[in-house]
Amino acid sequence: MSGTFVGMPAFPEAAHEAVRNTTLRANLKHATHTIRDKRARAVAELDDWASLREAGKQIKDHTLHNLEQYLLQLEESVTAAGGTVHWAADADEANRIVTDLVKATGESEVVKVKSMATQEIGLNEALEAEGIHAYETDLAELIVQLGKDRPSHILVPAIHRNRGEIRDIFQKEMGGWGRPAPEGLTDTPAELAEAARLHLREKFLRAKVGVSGANFMVAETGTLVVVESEGNGRMCLTLPETLISVVGIEKIVPTWRDLEVFLQTLPRSSTAERMNPYTSTWTGTTQEDGPSTFHLVLLDNGRTDTLADEVGRQALRCIRCSACLNVCPVYERAGGHAYGSVYPGPIGAILSPQLRGTQSEIDASLPYASSLCGACYEVCPVAIDIPEVLVHLRERVVQGGEVTRHGTKVTLRPAKGHAAERAAMRAAGWAFVRPAALRTGQRLASGTRRIHPRTLPGPGRAWSATRDLPKVPAEPFRDWWRRTNGGQTEKGGTK
């Protein structure tokens, strides 16, 4: 996985700065609470939601366990339908493939429908380095691009912006990218949407190359599926002469019938709609409609390494609905930028460290960006147990060890800052198998309780700065048990 946000601080430092931004927190609170309340009502309409959730989990797990078989079937189906399949092991290879394909057309512009995979690999920057301009056409992505910003949410990348900020960005930046914003533009949603429509229309009509991602790929037919709410995606998928789709290998489903489950759970979990306003499907090429040339770039970029982890692989079930972000108390206060990745929130906290590894300070900190409250697991439409994976990754960070990444063994050193924790756990382990030493330690702790500090010294200061240290009892439990005969009086009654 490319270091999309290389140079960002670790999560605790970035979050510390973010929570001081009152405008950001107000924007996030309003947006996330609105979305999650609507989602709860939409999900409650279905009596069989639990069954759909379990079905989605089973389909994804079955596919991941047989991924090689279905990927080969997909390649055969896409090829038979007139498309060309390319395999990319990492971000550099994927960027090189797409850049060469665009250059072969002789074009210097592409229009894009929102794709997290292309953000993951830094495709826009790679194309720009070769003199090719990539224009985002999803409204929220357009706001992010014009504002020289970064996405902060899976579903609503510009969730951290309010309407006034968006109007100012349009007025200041649109003219440098194409058609300028209308004079006297206000911050009403209708006017902002119309300004974006006029700005993008000229790009749709001019572009010869489109770049997309996909929500799903159907192995049996070679069909790709994109769901969206604005129609801009459909313009990208149908008007250009050449279409290049960059898709993570985990987005595959075996059969067309499997879509029945996900086309019910995805819209309700993401936009709280019964179905997406635009569901676009395409299978290869045809002479009568759509692009005459189609390329599918299948992206690994750490996914097979993630698949090898029996606990962590469940992150690959993700269908990018963003429900976990909207219920997460940490995301609501810190925002998406603090995660240093295109994948923010709870799913980003388990996906990014697996795709990129935990060698960097920010990736090593992400598994700790959670209170482990479990709300993310409760709303996940494919039942990813995010708290379980977070704890699993924390263990990896603390212990270090070896992992295999792209066929090469990488030695992970134990993370800095965890030496005191490891020493404390070793001491506790030693004491727990030596009853006499444990009893002596407990009595010593009780006897000195009046002089115990209110906060921990050294590395523990950050932990105790926001938590009350547990009070040591005046008498150890073992001594109390002996003195009271296990809580019984001499006559056998309860003391």
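Starting afresh in each chain, residues are numbered from 1 along the sequence in its written order. Only residues with pLDDT of at least 70 are given local features in this predicted model, and only at 80 or more are side-chain atom pairs given and counted; all residues enter the totals for whole chains, interfaces and linings. With hydrogens and water set aside, each side-chain value is computed from the structure's full complement of heavy atoms.

Within an unreviewed UniProt entry, the label attached to the protein reads LutB/LldF family L-lactate oxidation iron-sulfur protein, and the organism entered is Streptomyces longisporoflavus.

Visitor: Which parts of the structure should I look at to understand a positive patch on the surface?
Guide: Residues form patches when they are more than 30% accessible in relative terms and have no salt bridge. Like charges link within 9 Å. Nonpolar side chains (Val, Leu, Ile, Met, Phe, Trp, Tyr) link within 5 Å. The method behind every accessible area is Shrake-Rupley, applied with a 1.4 Å probe, and residues are considered shielded solely by the protein chains displayed. Think of a salt bridge as a Lys or Arg side-chain nitrogen and an Asp or Glu carboxyl oxygen that are within 4 Å of each other. Lys and Arg are tallied as positive, Asp and Glu as negative. Neither His nor the chain termini are counted. To locate a charge, take NZ of a lysine, CZ of an arginine, CG of an aspartate or CD of a glutamate. Side chains of Arg 449, Arg 450, Arg 454 and Lys 471 sit close together on the surface and give a patch of like positive charge. The exposed category is assigned to Arg 450, whose relative accessible area is 79%. Note on classification: 1.4 Å probe, protein chains only; a residue is buried when its accessible area is under 20% of the maximum for its type, exposed when over 50%, partly exposed between these limits.

Visitor: What is the right way to read the UniProt feature "domain: LUD" (unreviewed entry) in the protein from this model?
Guide: Summarizing the sequence annotation, UniProt attributes the feature "domain: LUD" (unreviewed entry) to residues 73-286 in the numbering used throughout. The distance separating the terminal C-alpha atoms of residues 73-286 is 20 Å; by composition the span is 45% helix and 19% strand. UniProt positions are given in the numbering used here, feature names are shortened, and annotations may be inferred rather than shown by experiment. Counting from the N terminus, the helices are the DSSP runs of H or I reaching at least four residues and the strands are the DSSP runs of E reaching at least two.

Visitor: So what exactly am I meant to see when it comes to the packing of helix H2 (residues 22-44) against helix H12 (residues 259-270) here?
Guide: Note on geometry: axes are lines fitted to C-alpha atoms, helical ones only across the stretch in contact, with angles between N-to-C directions running from 0 to 180 degrees. Where H2 contacts H12, the two axes come as close as 7 Å, and the packing angle between them is 145 degrees. Residues Ile 35, Arg 39, Ala 42 and Val 43 of H2 touch H12, and the partners they reach there are Arg 268, Ser 269 and Ser 270. Among the residues making up the contact of H2 with H12, the classes are represented as 3 nonpolar, 2 polar and 2 charged. Here a residue-residue contact requires only that any non-hydrogen atoms of the pair lie within 4.5 Å. Lys, Arg, Asp and Glu make up the charged group, whereas Ala, Val, Leu, Ile, Met, Phe, Trp, Tyr, Cys and Pro make up the nonpolar group; the residues left over, Gly among them, are polar.

Visitor: Honestly, the environment of Ala 349 in this entry has me stumped. Any pointers?
Guide: Mapped onto the secondary structure, Ala 349 falls in helix H16 (residues 345-356). In this structure the C-alpha to C-alpha distance between Ala 349 and Gly 458, which are 109 residues apart in sequence, comes to 27 Å. Each residue touching Ala 349, except ones within four places of it in the same chain, is listed here: Leu 366, Pro 367, Leu 390 and Leu 393.

Visitor: Whenever I open this one, the environment of Arg 313 confuses me. Can you help?
Guide: Positionally, Arg 313 belongs in the loop between helix H13 (303-307) and helix H14 (323-327). Here His 65 takes part through its side chain, which lies 3.5 Å from a polar atom of the side chain of Arg 313. Each polar contact in these results corresponds to two N or O atoms within 3.5 Å; when the atoms are within protein, one needs to be able to donate a hydrogen and the other to accept it, and residues that are neighboring in sequence are counted only if both atoms are side-chain atoms.

Visitor: Looking at this structure, how should I read the sheet that holds strand E9 (residues 278-283)?
Guide: Whether parallel or antiparallel, the strands of a sheet pair through hydrogen bonds between backbone atoms. Judged by pairing direction, the sheet is mixed, and its 4 strands sit side by side in the order E8-E5-E6-E9 without closing on themselves. Edge strands, defined here as strands with exactly one partner in the open sheet, are strand E8 (252-253) and E9. Note that strand E5 (residues 216-218) and strand E6 (residues 223-228) share 3 bridges and pair antiparallel. The residue of E6 that forms the bridge with Val 218 is Thr 223. Any two strands with at least two DSSP bridges between them are considered paired.

Visitor: I would appreciate a short explanation of the confidence of the model for the protein in the present structure.
Guide: Detailed reading of predicted coordinates is not advised where the pLDDT is low. Here the protein averages 90 in pLDDT, while 93% of its residues score no lower than 70. The predictor rates its confidence in each residue with pLDDT, a number between 0 and 100. Low pLDDT, under 50, characterises residues 1-6; the predicted model gives this stretch 22 contacts beyond four residues in sequence or across chains.

Visitor: So what exactly am I meant to see when it comes to the nonpolar core here?
Guide: One recurring pattern in soluble globular proteins: nonpolar side chains tend to sit buried together. Phe 11, Phe 170, Leu 296 and Ile 350 are the most contacted members of the largest nonpolar core, which has 100 residues in total. We call a set of buried residues a nonpolar core when its members are Ala, Val, Leu, Ile, Met, Phe, Trp, Tyr or Cys and they connect through side-chain atoms within 4.5 Å of each other. One finds Ala 88, Val 98, Val 209 and Leu 299 within the second-largest nonpolar core, a separate group that totals 20 residues.

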